Amino acid sequence: MAATATAPAFTPPAWKPHHNPWLVALTVTLATFMEVLDTSIANVALPHMAGTLGASQEEATWVLTSYLVSSAIVLPISGWLSNRYGRKRFYMTCVALFTVCSLLCGIAQTLPMLVFARILQGAGGGGLAPSEQAILADTFPIEKRGQAFALYGMAVVVAPAIGPTLGGWITDNFNWHWIFFINLPVGLLSLYLSNRMVEDPPHLKLRREQAKHEKIDFMGLGLVALGVGCLEFTLDKGQEKDWFGDPMIRLFATLAVVTLIVFAVWEWNHSDPIVDLKLLKNRNFGTAVFLQLILGMVLFGTTVLIPQYVQVLLGYTAERAGMVLSPAGFMMMVMMFVAGRSLGKFDPRIMVCLGYIATACGIYNLTRLDLTSSFGTVTFWRMLQVIGLPFIFIPISTLNYVGVPSSKSNQISSLSNFARNLGGSAGTALLTTYLARSSQVYQTTLAAHAVPGSVPYRLYMNRIREMLINGGMSAASASQMAIGHAYQEMLRQASMLSYQNAFCILSVVIFCLTPLPFIMRLPSKGAKPDPEAMGH
């Protein structure tokens, strides 16, 4: 690819980091692990926070919403911030901000103080993942990127797997403040190692010097902050507020749509955009962003659905629900390694296609879950469901950068991470809404069959009454209790059918994506990397 028009006539030598690339990868992965772990731990401790701070459960959800909104705003602009102020400096600022705000979260004594600290913490956390992926892309040659992204992917999947279990243990044995305090030693170690190991390649230093003389696009910054913030709020609070039946959701949704349209037009025509939307014209990157969006919907969606299912319908505790997910996290860790090693030996597009087929089959298998499924069965089926995900994540993360100059690697990583997180938020919101609405439809359908005259209904009621009478209850009380029991069982079955349908829909959506990877180009093996197009 030709050098960008703004770059001066400058041909840097092939760049290699001064330190072992794998030490650099371990260093940046440490911060990823800390940030993802903290997010999953906070979900479990939410009821305890509400009780300690004297807040309602709904008010306590702002601890999660504030972080998500703040993180979502920073994600798309992190590439621009890295280019303007230096990627290493921006990355270390994010680590320091996340660590300091973890301390503020831990010592918070009121809900407003905790929410304020979480907003700042989200700003730090939102800039970590894009910076880390861009660092890996620049540190490793293209033939080794798959293994580097596999290491990064391990942290992304292991942290949420152990987070709920660890969070439940810490909250039960200490208190919720410690879920934030455990970030302090990890953050300080990450800062020290980042200062020693991470460095900016020459093309980034050159870009930073050029950026000093360019005007800041304050209009673009304001539009993206307002638009993404309103969108994330709409997705996070929509189901809770009954979507467009609530005037606040209508206002925020309208603001999000109008602002993001104006933002897209403004940035498309800007000489130095905050978010370089023209990168989406690149066939590989445009396809990868769409695939990342859907991957986020599936990954986040199933990670929410399965714990909900076992807690609501099977009566699991939060800690035991976390234990259902944990083995799948370690399964993904192993498969990340396999996928990373396989990347240079097979066509990555075929790997993605097979990964989607395996994931679709695994999700469809979850439609077999019922009200008698055992712990071992749910855990094993979850493990089968995630086997294919590394074969999607790693090749897409690698093909992202094909045909794009390395001066744009920060923008590439920030946009792809934003797409995945946006997909996660949208998928969770849509699935939650679908479950609520679909469950009501099934309740009506099942109630139509539960008529006193039907033989199955009469036999079921007689069996329940007999059990209650044998337990010492009077015949009249047993009859009333049997009706209540039948109603509760109907609700559970309606909810179960809704979950089964949701899994079926997800599997069909994933299966429909199997041809799309073949739109993407493969990296050229024979061509030498252009100094501007590949900073190695």
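About the criteria used
- For every chain, the first residue of the written sequence is number 1, and numbering continues from 1 along that sequence.
- Thresholds applied to this predicted model are a pLDDT of at least 70 for local features of residues and 80 or more for the giving and counting of side-chain atom pairs; totals over whole chains, interfaces and linings are not thresholded and use all residues.
- Side-chain figures throughout are based on the complete set of non-hydrogen atoms in the structure, without hydrogens or water.
- Helix and strand assignments follow DSSP, with helices taken as H or I runs no shorter than four residues and strands as E runs no shorter than two, numbered in order from the N terminus.
- In what follows, a contact means two residues having at least one pair of non-hydrogen atoms within 4.5 Å.
- Note on areas: these come from Shrake-Rupley sampling with a 1.4 Å probe, and a residue is covered only by the protein chains present in the view.
- Remark: exposure states derive from per-residue accessible area (1.4 Å probe, protein chains only) relative to the maximum for the residue type, with buried under 20%, exposed over 50%, and partly exposed in between.
- Ring geometry is summarised as follows: Phe, Tyr and Trp rings, the Trp one being its six-membered ring, pair when their centres sit within 6.5 Å, and such pairs are stacked at plane angles under 30 degrees, edge-to-face over 60 and tilted between the two.
- Patch membership is restricted to residues that have no salt bridge and whose relative accessible area is over 30%. Joining uses 9 Å for like charges and 5 Å for the nonpolar side chains Val, Leu, Ile, Met, Phe, Trp and Tyr.
- Here a salt bridge means any side-chain nitrogen of Lys or Arg lying within 4 Å of a carboxyl oxygen belonging to Asp or Glu.
- Helix span, as expected, comes to 1.5 Å for every residue beyond the first.
- Helix axes are fitted to C-alpha atoms over the stretch in contact, other axes to C-alpha atoms as well, and angles between N-to-C directions run from 0 to 180 degrees.
- Each crossing gets its hand from how the near helix is turned against the far one by less than a right angle, where anticlockwise is left-handed and clockwise is right-handed.
- Lys, Arg, Asp and Glu make up the charged group, whereas Ala, Val, Leu, Ile, Met, Phe, Trp, Tyr, Cys and Pro make up the nonpolar group; the residues left over, Gly among them, are polar.
- Every residue carries a pLDDT, the predictor's confidence in it, which falls somewhere between 0 and 100.
- Pairing of N or O atoms within 3.5 Å defines a polar contact, subject to two protein rules: one partner must be a possible hydrogen donor and the other a possible acceptor, and residues neighboring in sequence count only if both atoms are side-chain atoms.
- Throughout, disulfides are identified as pairs of cysteine sulfur atoms within 2.5 Å of each other.
- Directions are taken from the helix axis to each C-beta atom, and the arc is the one they span.

## Brief notes about the overall build of the protein
Here comes step 1: Scanning the protein from N- to C-terminus turns up 20 helices and zero strands.
Here comes step 2: By sequence separation, contacts in the protein at least 24 residues apart represent 84% of the contacts at least 6 residues apart.
Here comes step 3: By element, 68% of the accessible surface of the protein is carried by carbon and sulfur atoms, the whole surface being about 23,200 Å².

## Brief notes about the environment of Phe233
Here comes step 1: Within the secondary structure, Phe233 is located in helix 11 (residues 218-237).
Here comes step 2: Take Phe233: its relative accessible area is 6%, and that puts it in the buried class.
Here comes step 3: With sequence-adjacent residues up to four places away left out, Phe233 is seen in contact with Trp62, Val69, Gly238, Met248, Ile249 and Phe252.

## Describing the packing of aromatic side chains
Here comes step 1: Per the stated rule, a full pass over the model turns up six aromatic pairs.
Here comes step 2: For the pair Phe174 and Trp178, a centre-to-centre distance of 6.4 Å together with 50° between the ring planes defines the contact as tilted.
Here comes step 3: Judged by centre distance (6.2 Å) and plane angle (90°), the rings of Trp176 and Phe180 are edge-to-face. For the residue pair Trp176 and Phe180, the accessibility class agrees, reading buried in each case.
Here comes step 4: Taken together, Phe174, Trp178 and Phe181 form an aromatic cluster joined through their ring pairs.

## Quick notes on a nonpolar patch on the surface
Here comes step 1: Judged by side-chain polarity, Ile350, Leu354, Ile357, Phe511 and Phe518 come together as a nonpolar surface patch covering roughly 460 Å² of accessible area.
Here comes step 2: In terms of residue count, helix 15 (residues 348-365) provides more of the nonpolar patch than any other element does, three residues in total.

## So, helix 5 (residues 111-126)
Residues that lie three or four places apart on an α-helix share one face, since the helix turns once every 3.6 residues.
Here comes step 1: With 16 residues, helix 5 extends 22 Å from end C-alpha to end C-alpha; this agrees with the ideal 22 Å at 1.5 Å per step.
Here comes step 2: Listing the buried residues of helix 5 in full gives Leu111, Leu114, Val115, Ala117, Arg118, Gln121, Gly122, Gly124, Gly125 and Gly126.

## Regarding the packing of helix 15 against helix 17 (residues 390-399)
Here comes step 1: The interhelical angle for the contact between helix 15 and helix 17, taken along N-to-C directions, is 150°, at an axis separation of 8 Å. Relative to helix 17, helix 15 is oriented so that their crossing is left-handed. Contacts from Pro348, Arg349, Met351, Val352, Gly355, Tyr356 and Thr359 of helix 15 reach helix 17 at Phe391, Ile392, Pro395, Ile396 and Leu399.
Here comes step 2: Across the contact of helix 15 with helix 17, the residue classes break down as nine nonpolar, two polar and one charged.

## Here we look at the confidence of the model for the protein
Here comes step 1: When the pLDDT values of the protein are averaged, the result is 78; 87% of them are 70 or greater.
Here comes step 2: Throughout residues 1-13 the model reports pLDDT below 50, and contacts reaching past four residues in sequence, or to other chains, amount to 19 contacts.
Here comes step 3: Segment residues 526-536: pLDDT under 50, and 30 contacts once partners within four positions in sequence are set aside and those in other chains are kept.

## Section: the environment of Ser373
Here comes step 1: With respect to the helices and strands, the residue Ser373 is situated in the loop between helix 15 and helix 16 (375-386).
Here comes step 2: Taking the relative accessible area as the measure of exposure, Ser373 reaches 12% and is therefore buried.
Here comes step 3: As a C-alpha pair, Ser373 and Val310 span 63 residues in sequence and 9.2 Å in three-dimensional space.
Here comes step 4: Dropping the residues within four chain positions of it, Ser373 is found in contact with Leu314, Tyr316, Arg368 and Val378.
Here comes step 5: A distance of 3.0 Å separates a polar side-chain atom of Ser373 from the backbone nitrogen of Asp370.

## Digging into the environment of Gly220
Here comes step 1: Residue position: Gly220 is located in helix 11.
Here comes step 2: It is 7.1 Å that separates the C-alpha atoms of Gly220 and Trp266, two residues lying 46 residues apart in sequence.
Here comes step 3: When residues no more than four places from it in sequence are discounted, the contact partners of Gly220 are Phe263, Trp266, Glu267 and Ile274.

## Digging into the side chain of Ser495
Here comes step 1: Along the chain, the position of Ser495 falls in helix 20 (residues 475-511).
Here comes step 2: Looking at Ser495, the relative accessible area reads 15%, which means it is buried.
Here comes step 3: Non-local contacts of Ser495, meaning those with residues more than four positions away in its chain, are made with Leu313 and Ser439.

## Remarks on the state of the cysteines
Here comes step 1: Considering all chains together, one arrives at zero disulfides under this definition.
Here comes step 2: Between Cys101, a free cysteine, and Cys105, which holds the nearest cysteine sulfur, the sulfur-to-sulfur gap is 6.6 Å.

## Side note on the packing of helix 4 (residues 87-107) against helix 6 (residues 128-139)
When two helices pack together, you describe them by how their axes are tilted relative to each other and by the distance separating the axes.
Here comes step 1: Where helix 4 contacts helix 6, the axes come no closer than 10 Å and their chain directions differ by 140°. The way helix 4 lies across helix 6 gives a crossing that is left-handed. Contact residues: Arg87, Phe90, Tyr91, Cys94 and Val95 in helix 4; Leu128, Ser131, Glu132, Ala134, Ile135 and Asp138 in helix 6.
Here comes step 2: Its residues assigned to classes, the contact of helix 4 with helix 6 shows seven nonpolar, one polar and three charged.

## Topic: the side chain of Gln121
Here comes step 1: Mapped onto the elements of the fold, Gln121 is located in helix 5.
Here comes step 2: Residue Gln121 is classed as buried on the basis of its relative accessible area, which comes to 0%.
Here comes step 3: Among the polar contacts listed, one links the side chain of Gln121 to the side chain of Ser102, at a separation of 2.9 Å.
Here comes step 4: Excluding residues within four positions of it along the chain, Gln121 makes contact with Asp38, Tyr67, Phe98, Cys101, Ser102, Cys105, Phe180 and Asn183.

## Here we look at helix 9 (residues 183-197)
Here comes step 1: The terminal C-alpha atoms of helix 9 lie 20 Å apart, and with 15 residues this matches the ideal 21 Å at 1.5 Å per residue to within 8%.
Here comes step 2: Among all positions in helix 9, only Asn183, Gly187, Ser190, Leu191, Ser194 and Met197 are buried. In a view along the axis of helix 9, the buried residues occupy a sector of 155°, so they form one face of it. Of the exposed residues in helix 9, the ones pointing more than 90 degrees away from its buried face are Pro185 and Leu188.

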